[in-house]
Amino acid sequence: MSKELDRIPIGKVRRASKFVTTGAKVGANYVKAYSKAAFKGKLDQNELDNDNARDIYDSLSELKGSALKMAQLLSMDQNVLPKAYSDKFAMAQYSAPPLSYPLVKKTFIENLGKEPNEIFDVFGKTASNAASMGQVHKAELNGQKLAVKVQYPGVADSIKSDLKLAKPFALKLMNVKGKDVDPYMNEVEEKLLEEADYNLELRQSMDFAQKCKTINGVFFPTYLPELSSHQILTMSWLKGEPIGAWMKREQKQDDRNKLGQILWNFYMFQMHTLRMMHADPHPGNFIIDEQNNLGVIDFGCIKHIPNDFYEAYFELANYEVLNNPERVNQLFRQLEIIRSSDTEKDVKIVTRMFTDLIRLLSRPFNQGHFDFSDDTYFTEIYLKGEAISKDPEMSRLQARGSRHFIYFNRTFFGLYNILHSLKAEVDCSKNGVT
C-alpha cells in the first residue's frame with residue numbers, strides 16, 4: 001500500500017494549480033529528453049514516457065476522484081496509451097495512495113454522525129484497498145466481517161471541473177481533437193457522477209445481486225443500508241482472494257476454464273437478458289473463493305444498454321452480416337460510425353477500417369469455443385489498434401461512433417483482458433445461460 005495522504009486538494013483553484021504544476025513537470029521532461037537527444041542523436045521515447053507517466057500519475061493520485069478514474073479507464077485499453085502510461089495508470093485500479101484515518105473519521109462523522117469505533121466493534125484504521133474514488137476498510141460488527149467503502153472528500157463536487165482540467169492531457173495522449181470527444185466526455189461525466197453517489201450504488205448493487213443470483217458460480221456481498229450513506233457503503237466481506245493474485249499462482253487448466261466460463265456467462269447474461277452491465281471489469285472487482293467461484297463487487301458503474309444500440313451492435317458481431325456491405329452501411333450509420341457529412345472517400349476508409357476491427361474483435365463469438373490464452377490474437381488486436389492510431393486518414397476521422405461505445409467497448413476490452421490473463425478456453429456461444 002502506498003503512503004497515506006493527509007489531505008486532498010478540494011477547491012477548484014487548488015486542484016487547477018495542481019494540473020498546472022503537473023503540466024510544468026511534463027514540459028520539463030520534454031526539455032530534458034530533447035536536450036539528451038541533441039547529444040545522443042536520438043530521442044529516448046521510453047524514458048520520456050516513463051517520466052511523464054510517473055509525474056502525471058503522482059499528481060492524479062493526490063487529486064483522487066474523476067482525474068484518477070480517467071487514468072484507470074485509459075489503462076484498461078492497452079491500445080490507447082503507450083505502455084509506460086497504461087502500466088502506471090493501472091495502479092489506480094487497486095493500489096492508489098490511501099487517505100489517513102483522521103480524514104476517514106471526518107467522513108463518518110459528516111455522514112453517519114459517529115466515529116467508526118462508535119459504530120463497529122472493530123474498524124481497521126488502515127485501508128485494505130484504495131482506488132480512484134474511494135477506499136475500503138475491514139470492520140466487524142456482531143461477529144460479522146464487513147467491508148466499508150469510504151469515498152474521498154470532494155469527489156462528487158470536483159468531477160465536472162476535473163474533467164475540464166484533465167481534458168487537455170487526455171487529448172494530447174490520445175491525439176484527438178477536443179470537439180470530437182465532447183459527446184464521449186459527457187458520457188464519462190454522467191457515469192462518474194453516478195459512481196460518486198453511494199446511495200445509488202447501494203440500490204444498484206442490491207438490484208444487480210438479486211437479478212443475477214441464479215447464475216451458477218457467481219456470488220455477491222450482502223449490503224447493509226442502515227450503515228451506508230451518500231459517501232459510505234457497508235457490505236459483508238467476501239472471503240477469498242482477488243482474481244489478480246489467484247491468476248499469479250499455478251492453477252489447473254480446468255479451473256481456469258471454469259472461471260473463464262463463469263465470467264463469460266455472467267457478462268452475457270447482463271448484456272442479453274438484463275440489457276445493463278457491470279461496466280468496470282478490472283481485476284480489483286473480482287474475488288475468487290476456495291471453490292473457484294466468482295465474487296463480484298463494486299456496482300458503482302452500471303451501463304444501461306438502449307435496445308436499438310444493442311440490436312445493431314450484436315448484429316454486426318455476425319460474420320454473415322459483416323459480409324453484406326449494404327447492411328454494414330446501414331448499421332454503421334445507425335451507430336454513428338458513418339456520418340451524413342462524410343464524403344464517399346471517408347465512407348470507404350471508415351467502412352474498411354471498422355469492418356476489419358469488428359471482424360477481429362467478434363472472432364470469439366463466431367468461433368464458438370475460443371482459447372483466450374492465444375497471444376497471437378491479442379497481438380493482432382494491438383497491431384490493429386496501433387495501425388488505426390497511426391493512420392493519417394483515420395487520425396483525421398477519429399472519434400467515431402455512438403457515445404454508448406465508450407462503456408460497452410470498455411467492458412468487452414476489460415473482459416477479454418481478464419480472460420487472456422486467465423488463459424481460459426471459453427464456450428462463447430453461450431448467451432448467459434444459468
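Higher on the page you've got the structure.
Below is a short write-up of the structure.

The full count for this structure, using the stated rule, is 29 aromatic pairs. Between Phe208 and Phe299, the aromatic rings sit 5.0 Å apart at their centres with planes inclined by 35°, giving tilted as the arrangement. Residue Phe208 is located in helix H9 (residues 198-211), and its partner Phe299 is located in the loop between strand E10 (294-296) and strand E11 (302-304); the two are separated by 91 residues in the primary sequence. You can call Phe208 buried: its relative accessible area is 0%. Here the aromatic rings of Phe220 and Phe266 are separated by 6.2 Å at their centres, their planes lie at 55°, and the arrangement is tilted. Taken together, the residues span a long stretch of sequence, with Phe220 in the loop between strand E5 (218-219) and strand E6 (232-236) and Phe266 in helix H11 (residues 253-274) at a distance of 46 residues. Phe220 sits in the buried class, given a relative accessible area of 15%.

We now examine the environment of Asp375. The residue Asp375 is located in helix H17 (residues 375-390) in this model. For the pair Asp375 and His420, spaced 45 residues apart in sequence, the C-alpha separation works out to 8.1 Å.

Turning to the pattern of salt bridges, a few remarks are in order. Scanning all chains against the criterion turns up eleven salt bridges. One salt bridge in this structure joins Glu201 and Lys149, with 2.8 Å as the shortest N-O distance. Of this pair, Glu201 sits in helix H9 while Lys149 sits in strand E4 (residues 144-151); the two residues are 52 residues apart in sequence, bridging distant segments of the chain. Owing to a relative accessible area of 2%, Glu201 belongs among the buried residues under this scheme. In this structure Lys149 comes out as buried when scored by relative accessible area, which is 11%. Of the charged contacts in the structure, one is a salt bridge between Lys348 and Glu344, with a shortest N-O distance of 3.9 Å. Note that Lys348 and Glu344 are positioned in helix H15 (residues 344-361) at a spacing of four residues, about one turn of the helix. Across the pair, Glu344 and Lys348 agree in class, each one exposed. The structure contains a network of salt bridges with shared partners spanning Lys149, Glu201 and Asp298.

Criteria and cut-off values
Residues numbered from 1 in each chain as written. Predicted model: local features only at pLDDT ≥ 70, side-chain atom pairs only at ≥ 80, totals over all residues. Heavy atoms only, no water. Phe/Tyr/Trp six-rings, centres within 6.5 Å; stacked < 30°, edge-to-face > 60°. Helix = DSSP H or I, 4+ residues; strand = E, 2+ residues; numbered from the N terminus. Buried < 20%, exposed > 50% of the residue type's maximum accessible area, 1.4 Å probe, protein only. Salt bridge = Lys/Arg side-chain N within 4 Å of Asp/Glu carboxyl O.

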